[in-house]
Amino acid sequence: MVKAIVGANWGDEGKGKITDMMAKEADIIVRFQGGANAGHTIINDYGKFALHTLPSGVFYSHTTSIIGNGVALNIPVLVEEIQSIVSRGVPKPKILVSNRAQIVMSYHVLFDQYEEERLGGKSFGSTKSGIAPFYSDKYAKIGFQVSELFDEETLKEKTERICEMKNVMLEHLYHKPLFKAEDLLKELLEYRDMIAPHVCDTSAYLWKAIKEGKNILLEGQLGSLKDPDHGIYPMVTSSSTLAAYGAIGAGIPPYEISKIITVCKAYSSAVGAGAFVSEIFDEEADELRRRGGDGGEFGATTGRPRRVGWFDAVASKYGCRMQGTTDVAFTVLDVLGYLDEIPVCVGYEIDGELTTEFPPTVKLAQAKPAFETLPGWKCDIRGIRKYEDLPENCRKYIEFIEEKIGFPITMVSNGPGRDDIIYR
Ligand code: GDP
């Protein structure tokens, strides 16, 4: 059985925690898109970890972790991440890397930085991990596939070709030092030696596992609103964040994904630029940011303060629909316990009309939030394990949101730990 765990919003919904929790019952956890640009924060018996590339199931010794073909594979980051968890007492995880994954080169990271510098104030708020230049090259068909690392002749020819192209940009657009083909080749050969023990045909491995009835989790990064097609383009990421892409990025049949658990946060947060209709500011925002997540709303990869806002039912309904949600995991609800009243964005006013459908970016920029306010519950709900034991106003908040988004909330997360979960 294959289940996908994906985000409904702008990322940072708590997918890492839900994956880590569900990995207990899983055999295989697969990353199918994205790269080292986003991070998951996980708290378990070994401590607190910020993972960027490794799937969130690496803490269990019974699971196999797979880096699928859809991932932007940063080899030194992956190897370092493995070493860092092992050095903190986690048993050495079993990690397989797709022979069809493509490699983030050091020049992708450089080009990301150069482009942000060039754009100045008009930048896209990139995490500068090379993700956009990486995916551009992948689709321009000048990327390096892991399988090519084992064919030195191909590498030689390709590094020369790539240098020619990149050096034009370096010289004329960015005015930066030029590349040498032999340096690129050297980098690739180092990567080959680092990654070789993990490489295999992961799609064949998964096919066999599916036939054997294994439990497989697909772990998404970011959320629906960062999807390049369905999100807030151009303030999006460069690979699809949707569960449907899990089939492609893992190399499995789409009909095998039978459960799609969409993680949806009890309020809104976003990193980077872009329209954010229910955003709040000043002291109101500072307080939510300080209390938010686990130890505040600051990016796991960048440490940047996240923008925060009230729950956005328009964006979340859309986000859940685009994922193909079967179950909603509603997270970080405990954080709202300090509020007397909780506004929820239930509609957007655009051109004088109220809508509950999420618009494309040009219209989104004009949207004004319409709020309904619900009473708060004014207590700490951490530690509660049964739905009935939640305060009445808290249940009302959950049920109100469930009705607005139109998908069943089957899990409520009321703390960062593995056991802070209420099943409905
Ligand atoms: P991801 O990228 O979707 O995995 O999300 P992040 O890991 O970036 O952000 C989620 C943050 O919220 C992390 O610091 C988690 O430890 C924390 N977290 C997850 N679920 C809960 C919850 O139910 N309550 C609280 N207070 N924190 C949570």
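Coordinates for the structure precede this section.
This report concerns the structure included in the present document. The structure displayed is predicted, hence computed values, not measured ones.

### Section: the site of the ligand
Taken together, 20 residues are adjacent to the ligand, and Gly 16, His 40, Thr 41, Asp 334 and Ser 413 come closest. Here Gly 14 contributes a backbone N or O atom positioned 2.8 Å from an oxygen atom of the ligand. Side-chain polar atom of Asp 334 to a nitrogen atom of the ligand: 2.7 Å apart, as the coordinates give it. Considering the ligand on its own, with 580 Å² of exposed area, one finds that the protein chains cover 97% of that surface. Put simply, the parts of the chain that give the shell around the ligand at least two residues each are helix H1 (15–22) and strand S3 (40–44). The element best represented in the shell around the ligand is H1, accounting for three residues. The residue inventory of the shell around the ligand, partitioned by class, reads three nonpolar, nine polar and eight charged.

### Quick notes on the side chain of Ser 268
Counting through the fold element by element, Ser 268 comes out in strand S12 (residues 268–270). What makes Ser 268 buried here is its relative accessible area of 2%. A polar side-chain atom of Ser 268 sits 2.7 Å from the main-chain carbonyl oxygen of Trp 310. For Ser 268, the contacting residues outside a window of four places in its chain are Trp 10, Phe 276, Ser 278, Arg 307, Val 308, Gly 309, Trp 310, Phe 311 and Asp 312.

### With respect to unusual backbone geometry
Note that the residue after Tyr 233, namely Pro 234, is joined by a cis bond; omega there is 5°. Looking at the secondary structure, you find Pro 234 in the loop between strand S10 (216–219) and helix H8 (243–250). Even without being a glycine, Val 332 presents a positive backbone phi close to 60°. For Val 332, the location among the structural elements is in the loop between strand S15 (327–331) and strand S16 (341–350). Its identity is not glycine, yet Lys 378 carries a phi of approximately 50°, on the positive side. Turning to its location among the elements, Lys 378 is positioned in the loop between strand S18 (368–375) and helix H12 (392–405).

### A look at the nonpolar core
Among the nonpolar cores identified, the biggest contains 40 residues, and Leu 73 and Ile 103 are the most heavily contacted of them. Of all elements in the fold, only strand S4 (47–51), helix H2 (75–87), strand S7 (94–98), helix H3 (106–119), helix H5 (152–174) and helix H6 (181–195) reach the threshold of two or more residues within this core. The leading source of residues in this core is H6, at seven residues. Other than its neighbours up to four places away in sequence, Leu 73 contacts Ile 67, Leu 78, Val 97, Ala 101, Gln 102, Ile 103, Val 104, Val 146 and Ile 195. Judged by nonpolar contacts, the second largest core, of 39 residues, contains Leu 336, Ile 342, Leu 374 and Phe 400.

### Considering a negative patch on the surface
On the surface, a cluster of negative charge is made up of Glu 160, Glu 164, Glu 182 and Asp 183. Of all the elements in the fold, those that place two or more residues in the negative patch are H5 and H6. As for its placement among the helices and strands, Asp 183 is situated in helix H6.

### Considering H5
Within the span of H5, buried status applies to Leu 155, Lys 158, Thr 159, Ile 162, Cys 163, Lys 166, Asn 167, Leu 170 and Tyr 174. Buried residues along H5 sit in contact with H3, helix H4 (131–139) and H6. Downstream of H5 by one or two residues, His 175 has phi in the positive range, about 55°.

### Overview of H4
By the burial criterion, the buried members of H4 are Ile 131, Pro 133, Phe 134, Tyr 135, Asp 137 and Lys 138. Taken together, the buried residues of H4 touch strand S6 (72–73), strand S8 (102–103), H3, H5 and H8. Lys 141 sits one or two residues past H4 and shows a positive phi near 65°.

### Remarks on the pairing of strand S2 (residues 28–31)
Along S2, one buried face is formed by Ile 28 and Val 30 and the opposite face, lined by Ile 29 and Arg 31, is buried too. The pairing of S2 with S10 spans four bridges and is classified as parallel. Considered in S10, the bridge of Arg 31 is made with Glu 219.

### Brief notes about the pattern of salt bridges
Inspection of the entire model under this criterion finds 27 salt bridges. One salt bridge in this structure joins Arg 192 and Asp 193, with 3.3 Å as the shortest N-O distance. Since its relative accessible area comes to 53%, Asp 193 is described here as exposed. For Lys 378, the salt bridge is made with Asp 340, and the minimal N-O distance between the two is 2.9 Å. Of this pair, Lys 378 sits in the loop between S18 and H12 while Asp 340 is found in the loop between S15 and S16, placing the two residues 38 residues apart along the sequence. Taking the relative accessible area as the measure of exposure, Lys 378 reaches 49% and is therefore partly exposed. When salt bridges with common partners are traced through the structure, they connect Asp 12, Lys 265, Glu 297 and Arg 306 into a single cluster.

Calculation criteria
- In this convention, every chain numbers its residues from 1, walking through the sequence in written order.
- In keeping with the predicted nature of the model, local features appear solely for residues at pLDDT of at least 70, side-chain atom pairs appear and are counted solely at 80 or more, and the whole-chain, interface and lining totals rest on all residues.
- Think of the side-chain values as coming from all heavy atoms in the structure, minus any hydrogens and water.
- By convention in these notes, a residue is near a molecule or strand provided one of its non-hydrogen atoms lies within 4 Å of it.
- Nitrogen and oxygen atoms within 3.5 Å of one another constitute a polar contact, given that in protein one can donate a hydrogen and the other can accept it, and given that sequence-neighbouring residues count only through two side-chain atoms.
- Here the open area of atoms and residues is found with the Shrake-Rupley method and a 1.4 Å probe, where only the protein chains shown may cover a residue.
- Every helix listed is a DSSP run of H or I at least four residues long, and every strand listed is a run of E at least two residues long, numbered separately from the N terminus.
- For this classification, the nonpolar set comprises Ala, Val, Leu, Ile, Met, Phe, Trp, Tyr, Cys and Pro, the charged set comprises Asp, Glu, Lys and Arg, and every other residue, Gly included, is treated as polar.
- Partly exposed residues are those whose accessible area sits between 20% and 50% of the maximum for their type, while under 20% is buried and over 50% is exposed, using a 1.4 Å probe and protein chains only.
- Residue contacts follow a heavy-atom distance rule, with two residues in contact if any of their heavy atoms lie within 4.5 Å.
- Here the nonpolar core consists of buried residues drawn from Ala, Val, Leu, Ile, Met, Phe, Trp, Tyr and Cys, with membership extended through side-chain atoms lying within 4.5 Å.
- Residues enter a patch when their relative accessible area is above 30% and they make no salt bridge; the linking distance is 9 Å between like charges and 5 Å between nonpolar side chains (Val, Leu, Ile, Met, Phe, Trp, Tyr).
- Basic side-chain nitrogens of Lys or Arg form a salt bridge, by our definition, when they fall within 4 Å of a carboxyl oxygen of Asp or Glu.
- A positive count includes Lys and Arg, and a negative count includes Asp and Glu. His and the chain ends are not counted in either.
- All charge positions are set by atom: Lys at NZ, Arg at CZ, Asp at CG, Glu at CD.
- At least two DSSP bridges between two strands are needed for those strands to be called paired.

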